[in-house]
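Listed below, chain by chain, are the residues.
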Amino acid sequence: MRSIVLFLGIGIGLLIILSQAKAQTANPFMYGEVETISGDVYKGPIRWGSDEVYWAELFNATKTSNDFLKFLSKRQVEQLNQEESEGSSWLGIDLGALSIWEDRFSRTSHQLDIQFGDIKIVEPSGRSKARLTLKNGVIIEAGGSGYEDVGGSVVIYDFELGEFAVRWDRIKHVRFTSAPANSKNGFGEPIYGTVNAGRKGTFKGIIRWDSDERFLDEILNGEDRDGKKDIPFRSIKSITKKGNGVDVVLNSGREFYLTGSNDVNRENRGVVIFDPEIGRVVVPWRDFFDLEITQPKQEWALAYDDFSRPSGISGTVITIDGEEHTGLLAYDLDEAWEFEILDGNDDDVTYQIPFRHIKNIIPKNYNYSSVILRNGTNLLLGGGRDVSEDNDGILVFPSKDAKPIYVRWSKIDQVIFD
């Protein structure tokens, strides 16, 4: 009998341990080491500049070169030139005077947006330049003119020294790693929740309220009939837009109607959601219906190891003439890796979607494309070169030794990603 009781006790204990482990969410915070040019090393959670703290957030810069242009013929370059509207920087260039392989033939600078979870090392290479080493060893040269992610300070939360910033010109490199098990996040507890944007959809994940507040201990500011209210997000169950204010329901069941600040009225800068199945979504105030703050879920918190080693975008391009070309793809003569970002808008709702989440893209007209995600979501997106006639087209590499096939955007019926 005693052995049976002991066995049952051990079993119950294991179930408790397993349930607790299941309840724990992955650590979504950036973590790593900052080494200075003097050889000093600081290790802990990282905040990039004064803003990004999560692996799912985006490192923003520009690509300083475009190696895919060398695969285009002079005639194809001229066709791209002709497709540009009047006033383009391409018009008036003497194509015969310069090598068509030079980077200056890119009609516009291509933006580099990459989730921090896909980066292995960042090395400053100048006042506004950086060298990024990715998880697969690929190195990208990035320029930072006009962007805060290159040239600014990096904040490290050293558990012995506390929180402090290291200037860009003092940094030798930042090396990202997985956070140790049970490590403290250092900066705060994330706000998790579900945002209802009406017909624009429902989004879930880590939340940034008013594009600013992101931690449970931060404050929602407003006023009610009895005066000013400063409510920690930790105490809030839901926020619902109503008139020129919001209804706030606390976890205790108490309710308040708040107005009078940009946290709770039309001056709100939007609700940012890091949805693990979509990417970064910004819902403007006019499209916002309500937010339900919830307990974190394991699948909502992307840890460093959740960002897989990229192998390249591959798929099939089907033309309007019915031809099919399969292989590795250089989308918009630029994006070639699963971590790269497709930008688009549904009216004022903005999307930044890693290609790893996309199943296929179907151009609809000059300005819009249907973007179908792997979770079944169908989005009609416009407002950017990735989904409009400004797209430079796609290079398809059928095999390692075969000559790549160039398909102009106007000739594409749809793109199906592997």
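Basis of the calculations
- Residues numbered from 1 in each chain as written.
- Predicted model: local features only at pLDDT ≥ 70, side-chain atom pairs only at ≥ 80, totals over all residues.
- Heavy atoms only, no water.
- Phe/Tyr/Trp six-rings, centres within 6.5 Å; stacked < 30°, edge-to-face > 60°.
- Helix = DSSP H or I, 4+ residues; strand = E, 2+ residues; numbered from the N terminus.
- Buried < 20%, exposed > 50% of the residue type's maximum accessible area, 1.4 Å probe, protein only.
- Lys NZ or Arg CZ within 6 Å of the ring centre and 35° of its normal.
- Pairing = 2+ DSSP bridges.
- Axes fitted to C-alpha atoms, helices over the stretch in contact; angles between N-to-C directions.

A short note on the packing of aromatic side chains
Consideration 1: In the structure shown here, the tally under the stated rule is 22 aromatic pairs.
Consideration 2: Aromatic pair phenylalanine 59 and phenylalanine 116: ring centres 5.8 Å apart, planes at 80 degrees, arrangement edge-to-face. Residue phenylalanine 59 is found in strand β3 (residues 58-63), and its partner phenylalanine 116 is found in the loop between β4 (111-115) and β5 (119-126); the two are separated by 57 residues along the sequence.
Consideration 3: Accessibility expressed as a relative area gives 0% for phenylalanine 59, which makes it buried.
Consideration 4: Geometrically, the ring pair formed by tyrosine 331 and tryptophan 409 is edge-to-face, given 6.1 Å between the ring centres and 85 degrees between the ring planes. With tyrosine 331 in strand β22 (residues 324-331) and tryptophan 409 in the loop between β29 (405-407) and β30 (412-417), the pair connects residues that are 78 residues apart, well separated along the chain. Neither tyrosine 331 nor tryptophan 409 differs from the other in exposure class; each is buried.
Consideration 5: Within the aromatic cluster, the residues linked to one another by ring pairs are Trp48, Trp55, Phe59, Phe116, Phe176 and Tyr304.
Consideration 6: Positioned above the aromatic ring of tyrosine 304, the side-chain terminus of lysine 135 is 3.8 Å from the ring centre.
Consideration 7: Directly above the aromatic system of tyrosine 257 lies the positively charged group of lysine 242, at a separation of 5.9 Å from the ring centroid.

Regarding unusual backbone geometry
Consideration 1: Although it is not a glycine, aspartate 210 adopts a positive phi angle of roughly 55 degrees.
Consideration 2: Mapped onto the fold, aspartate 210 is located in the loop between β12 (202-208) and β13 (219-224).
Consideration 3: On the basis of relative accessibility, which here comes to 1%, the residue aspartate 210 falls in the buried class.
Consideration 4: One non-glycine residue, aspartate 332, adopts positive backbone phi at about 55 degrees.
Consideration 5: Of note, aspartate 332 is situated in the loop between β22 and β23 (341-346).

Focus on the sheet that holds strand β10 (residues 171-176)
Consideration 1: Taking strand neighbours across the sheet as the criterion, the 10 strands line up as β4-β3-β7-β6-β5-β10-β1-β2-β8-β9 in an open arrangement whose pairing is antiparallel. Sheet topology places β4 and β9 (162-166) at the edges, where each strand pairs with a single neighbour. On average, each strand axis in the sheet is tilted by 35 degrees relative to the strand beside it, whichever way the strands run.
Consideration 2: Inspection of the sheet shows strand β8 (residues 154-158) paired to β9 by 5 bridges, in the antiparallel sense. Bridge pairing in β9 places valine 154 opposite valine 166.

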